[in-house]
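Here is how the chains run, residue by residue.
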Amino acid sequence: MQGLELSREFYIQCAAPAIVERFGERACRVAAGLAGQGSDCLGFDDDISRDHDFGPGCCLWLTDNDYAAFGSELQELYDSLPGEFMGFSRNTAPQGSGRVGVMQISRFYSQFTGCPDVPPNDAAWLRIPEHLLAAATSGEVFFDEIGEFSRIRNALLPCYPRDVRFKKLAARVFVMGQAGQYNYGRIIKRGDGSAAMLALDEFIRAALSAVHLLNKRYMPYYKWAFRSARMLPRLAEAVRELDSLYSASDAERLDMIESICGHVREALQEDGLTTISESFLVPQAEEIMKRIESEYLKKLGVSVG
């Protein structure tokens, strides 16, 4: 059983009845689910990931006012729930870790986005790394009658606002062109294998992010980036080639980099983000910038994002 399913059953069978019994009408004010950091929130957990922060548990989210009114009492109730459930020991993540237990809605989102609510402007959105937004919107909401937690969550999904997504995408496409199409080959000619691997890594990271952004999704923490990309509907062939780059020869990599860039260029054309046929992606990044309407974002350099 994976962690998200275990968490859901723990809430339904243990936490929800206890909350209703203790808090009566106020129970409807407690949002519940599992979201945040951790492979279980992404649905990627396995036997290896059970060595820490795994087990029955859930998040209980409250507004600031409700947290002040009965947050401590709710945490006391949560701590009293069974220590064993369905053959698993309770999640041992400490109180205040932000993994499980009682927490303020505003603090939950602030730890990932720096904002207690929906980011207020393009500048606030732009500075939030994708992996943190992937964490903030991961998992599942089991119950949210008042809707405050879900209101913010839904505003963050499925991806950045239009112009911010374009700005991030332009930056990733720019790096793909510079690190992969331009610098990697030049570094190989110099015989600097270590520097070439750094350029290759820059290219792969940027390409994985571009694939997610073109699918209107946030790329998660680096160790799950490939797994997440393999599940996306668009650019599957580009992902397969990215998956093979590290094991390929230098000559093979040069051809594969061009092929991956070609797939990304085709996706940009499909989305109306470019009309030029230039194979080098730096001009393609500049084309994306032309589609941005935000005055703030238009003034930033193409590589910012």
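Q: What is the right way to look at the sheet that holds strand 1 (residues 31-34) in this model?
A: As a general point, the strands of a sheet are linked pairwise by backbone hydrogen bonds and lie either parallel or antiparallel. Sheet architecture is open: 4 strands sit in the order 5-2-1-6, paired in mixed fashion. In this open sheet, the two edge strands, each paired with only one partner strand, are strand 5 (101-104) and strand 6 (140-143). Strand-to-strand, the axes of this sheet are offset by a mean angle of 35°, without reference to chain direction. Examined bridge by bridge, strand 1 and strand 2 (residues 59-62) share 3 bridges and lie antiparallel to one another. Paired with alanine 31 across the strands is tryptophan 61, a residue of strand 2. Strands in contact with helix 3 (residues 64-79) are strand 2 and strand 5; relative to strand 5, the strand with the most contacts, it is inclined by about 170°.

Q: Where do I start with helix 3 in this structure?
A: In the structure, helix 3 departs most strongly from a straight axis at phenylalanine 70, where the bend amounts to approximately 70°. Of all the positions in helix 3, only Asp66, Phe70, Gly71, Leu74, Gln75, Leu77 and Tyr78 are classed as buried. The inward-facing, buried residues of helix 3 abut helix 1 (3-23), strand 2 and strand 5.

Q: Where do I start with the state of the cysteines in this structure?
A: Disulfides are covalent bonds that connect the sulfur atoms of two cysteines. Counted under the stated rule, the structure contains 0 disulfides. The cysteine cysteine 28 is free of any disulfide, with cysteine 58 supplying the nearest cysteine sulfur at 17 Å. Considering cysteine sulfurs only, cysteine 159 is the nearest to cysteine 115, which forms no disulfide, with 16 Å between them.

Quick notes on the rules
Residues numbered from 1 in each chain as written. Predicted model: local features only at pLDDT ≥ 70, side-chain atom pairs only at ≥ 80, totals over all residues. Heavy atoms only, no water. Pairing = 2+ DSSP bridges. Helix = DSSP H or I, 4+ residues; strand = E, 2+ residues; numbered from the N terminus. Axes fitted to C-alpha atoms, helices over the stretch in contact; angles between N-to-C directions. Contact = heavy atoms within 4.5 Å. Bend = angle between axes of the 7 residues up to and from the residue. Buried < 20%, exposed > 50% of the residue type's maximum accessible area, 1.4 Å probe, protein only. Disulfide = S-S within 2.5 Å.

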